[in-house]
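Below are the chains, spelled out letter by letter.
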Amino acid sequence: MAVRQEEFVLNMGPQHPSTHGVFRIVLTLDGETVVKADPVPGYLHRGIEKLAEARTYTQVIPYTDRLDYLASMLMNWGYVQAVEKLMGIEVPLRAEYIRVIVGELARIASHLVATGAMASDLGGLTGFLYTFRDREEILDLFEMVCGSRLTASYMRIGGVAKDLPEGFVPKAKEFLKKFTLSLAEYNGLITGNEIFQRRTKNVGILSAEKAVDMSLSGPVLRASGVGHDLRKVRPYSIYPQFEFEVPLRTNGDCFDRYYLRVLEMAESVKIIEQALASLPEGPVMAKIPRIIKPPAGEVYTEIESSKGIMGVYIVSDGSPKPYRVHFRRPSFINLGYLAEMVRGWKVADVVAILGSLDIVLGEVDC
Amino acid sequence: MFGKGLLKGMKITMVRFFKPKETVQYPEVRLPLPDRFLGKPEFYYDKCIACNQCVAACPNNVITLKTETVEKKKIVTQYYFDQQYCLFCGLCAEACPKDALKFTKDFELTQYKRQDIKLKFVNPEQVAKKKAEVLQAALEKQAAQEKQAAQEKQASADKQIASEKQAAGNEAAAGVC
Ligand code: SF4
Ligand code: SF4
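Residues numbered from 1 in each chain as written. Chains lettered and ligands numbered in written order. Predicted model: local features only at pLDDT ≥ 70, side-chain atom pairs only at ≥ 80, totals over all residues. Heavy atoms only, no water.

Asker: Describe the overall build of chain A, naming the residues involved and giving the relevant values.
Answerer: Each helix and strand in chain A was counted, giving 15 helices and eight strands. Over its C-alpha trace chain A gives a radius of gyration of 21 Å, about what one expects of a compact globule, namely 21 Å for 366 residues. Each principal axis of the C-alpha distribution contributes one length, and for chain A these read about 80 × 45 × 35 Å. Contacts in chain A between residues far apart in sequence, at least 24 positions, make up 71% of those at least 6 positions apart. As presented, chain A carries roughly 14,000 Å² of accessible surface, and 55% of it is formed by carbon and sulfur atoms. Of the side-chain charges in chain A, 42 are positive and 44 negative, and the distance between the mean point of each set is 4 Å. (Helix = DSSP H or I, 4+ residues; strand = E, 2+ residues; numbered from the N terminus. Rg over C-alpha atoms; globule rule 2.2 N^0.38 Å. Contact = heavy atoms within 4.5 Å. Areas by Shrake-Rupley, 256 points an atom, 1.4 Å probe, with all protein chains shown as cover. Lys, Arg positive; Asp, Glu negative; His and termini not counted. Charge placed at Lys NZ, Arg CZ, Asp CG, Glu CD.)

If you want it as structure tokens, here you go:
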């Protein structure tokens, strides 16, 4: 008797925990091998760009929190920086330092989710618990600074909402000291684990040319050997003042994408330590008009968020509300190559590849 | 050797196993919250000057303010705070010039009934009291004004009498000549 064989269509998501939110991929399978993959984003679409058109410039800030909610500080930063450029506002030095400190903390927090979630996607829930334990401490620090753990809304056009509270600097220093030990723990628990390595090494290889062609950015790009980090190649804010490396990996496989984030966390620690040591006194808010009304015109600025290049494009018609706001969300653009990347791999590898891309659906769907 | 990494990982978890727990037994044990925590909002009726700045600052139309003008003074008659739409961004409290709106550390915001989610901060007694105060103040002010007006009138009348007297005196003096 002949066995009837045909391709099989499998819906992965939108309620699948390893899609890191509400993401759906329609996989066409031949046995266990992926023949075709159709990503279906959009389940978390809230129309933030449209909502922004009906808000004043300051009122948009809380909505940017909801883009990449794992690193809301960085999202705030990307947006306020664009408005500041449009209005030609000079941000006080202390505010810039605070931005760097909280921004890098947010980067660590976001990478901790990526690292832990990758481990748990591949079946090692222990690693997840360890990274989340340390992430909690960063969220505690954020809570001290702005009152919220996840959706910070901390930055304002022209500076930051409030100065650092008393006790923040010692607490942050204590955390950084502990965190260096924690990084060794992750390396022992996850990086060095043979099962984890076998599941990720040489899986989902992304070549440097293809990564550049698809305008991928962030850790995904750097794991393929392209040393493109906006903090170095097109420095903004006060990043030129700090000494840090941009870690690079060359294989472009899942393991490199994972391990690069661990290395980046160590670099962020260095930046925060330097910033805390040389934190100047002074105001945290520039002198800005009471009603924020940028001149008519348009502006585009970029920052290096935890996921890649976060760009903000604003068109102003001279009224107190933006005429158009567009966010270049790195997660969304990094997803663009997913369908190609998973073709030919097994179902279980799809989880590894998706995990290594580190998407966050608030940002993908906007 | 294959498995070395696994053993190292297990060692880490074993060491961790004998260390104190990181988690707390939530409802009984609570972690301290920082002062800036954005929990359930609180409204101080007496501080509010009905300037509407919180309403204008809110991105999501959470706050509705009802006012009434008594004796040319705006009085808040109701202050709704629809928590379900609140982003807890704190822009409203930041905009308030009188610190009449503050966020507390209460984070347990779940309610059994939907209508309980919408907070009504002002009760009728407060409004009645405030109205009475304003009226009282207006009356006092009016009385004070009247008194002052009367005094002024008196003063100007006195002055007039004095000047008339003087004029009469002058005339008399002229008559003498
Ligand atoms: S916290 Fe934000 S969303 Fe909530 S009422 Fe205040 S301004 Fe509105
Ligand atoms: S901003 Fe403050 S004083 Fe003004 S109406 Fe709101 S709560 Fe009252």
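Picking up where we left off.
Asker: Residues and numbers for the sheet that holds strand β2 (residues 24-30) of chain A, please.
Answerer: Strand pairing in a sheet relies on backbone hydrogen bonds, with the paired strands running either antiparallel or parallel. All names here are of chain A. The three strands lie next to each other as β1-β2-β3, forming an open sheet whose pairing is antiparallel. Bordering the open sheet on either side are β1 (8-12) and β3 (33-40), each of which pairs with just one other strand. Across the sheet, the mean angle separating the axes of adjacent strands is 20 degrees when strand polarity is ignored. For β2 and β3, the ladder comprises seven bridges, and the chain directions are antiparallel. Paired with Thr28 across the bridge in β3 is Lys36. (Pairing = 2+ DSSP bridges. Axes fitted to C-alpha atoms, helices over the stretch in contact; angles between N-to-C directions.)

Asker: An account of the side chain of Thr191(A) is requested, with residue identities and associated values reported.
Answerer: All names here are of chain A. Looking at the element boundaries, Thr191 is found in helix α6 (residues 168-191). The class of Thr191 is buried, set by a relative accessible area of 8%. Within the local environment of Thr191, its side chain forms a polar contact with the side chain of Asn187, the two groups lying 2.9 Å apart. A polar contact is formed between the side chain of Thr191 and the side chain of Tyr258, at a distance of 2.8 Å. Ignoring sequence-local partners within four residues, the contact set of Thr191 consists of Tyr186, Gln197, Phe255, Tyr258 and Tyr259. (Buried < 20%, exposed > 50% of the residue type's maximum accessible area, 1.4 Å probe, protein only. Polar contact = N/O pair within 3.5 Å; in protein donor to acceptor, adjacent residues only side chain to side chain.)

Asker: I'd like a description of helix α1 (residues 4-17) of chain B, backed by residues and values.
Answerer: Taking 1.5 Å of rise per residue, the 14 residues of α1(B) would be expected to cover 20 Å, and the 20 Å separating its terminal C-alpha atoms lies within 8% of that figure. Listed in full, the buried residues belonging to α1(B) are Gly5(B), Gly9(B), Ile12(B) and Arg16(B). Buried residues of α1(B), seen end-on, are gathered within an arc of 55 degrees and therefore sit on one face of the element. Exposed and oriented more than 90 degrees from the buried face of α1(B) are Lys4(B), Leu7(B), Met10(B), Lys11(B) and Phe17(B). The elements touched by buried residues of α1(B) are α5 (125-146), α6 and α7 (194-200) of chain A. (Expected span 1.5 Å × (residues − 1). Arc of directions from axis to C-beta.)

Asker: Please provide a residue-by-residue account of a nonpolar patch on the surface, values included.
Answerer: There is a patch of nonpolar side chains on the surface, built from Met14(B), Phe17(B) and Phe18(B) and spanning about 410 Å² of accessible area. With respect to the helices and strands, the residue Phe17(B) is situated in helix α1. (Patch = residues over 30% accessible without salt bridge, like charges linked within 9 Å, V, L, I, M, F, W, Y side chains within 5 Å. Salt bridge = Lys/Arg side-chain N within 4 Å of Asp/Glu carboxyl O.)

Asker: Give me the site of ligand 2: which residues, what numbers.
Answerer: The full set close to ligand 2 counts 13 residues, and Cys48(B), Cys51(B), Asn52(B), Cys54(B) and Cys96(B) are the nearest of them. Tallied by class, the residues present in the shell around ligand 2 amount to eleven nonpolar, two polar and no charged. (Near = heavy atom within 4 Å. Nonpolar A, V, L, I, M, F, W, Y, C, P; charged D, E, K, R; others polar.)

Asker: Describe in detail the pattern of salt bridges, supporting the description with residues and values.
Answerer: Opposite charge on two side chains lets them pair, provided their charged atoms get close. Residue and element names in this part refer to chain A. Applying the stated criterion across every chain yields a total of 32 salt bridges over all chains. We note a salt bridge from Arg231 to Glu104, for which the minimum N-O separation is 3.2 Å. With Arg231 in helix α10 (residues 230-233) and Glu104 in helix α4 (residues 93-121), the pair connects residues that are 127 residues apart, well separated along the chain. Classification of Arg231 as buried rests on a relative accessible area of 4%. A relative accessible area of 0% means that Glu104 is categorised as buried. Members of the salt-bridge network, linked through shared partners, are Glu104, Arg107, Arg222, Asp229, Arg231, Glu264 and Glu304.

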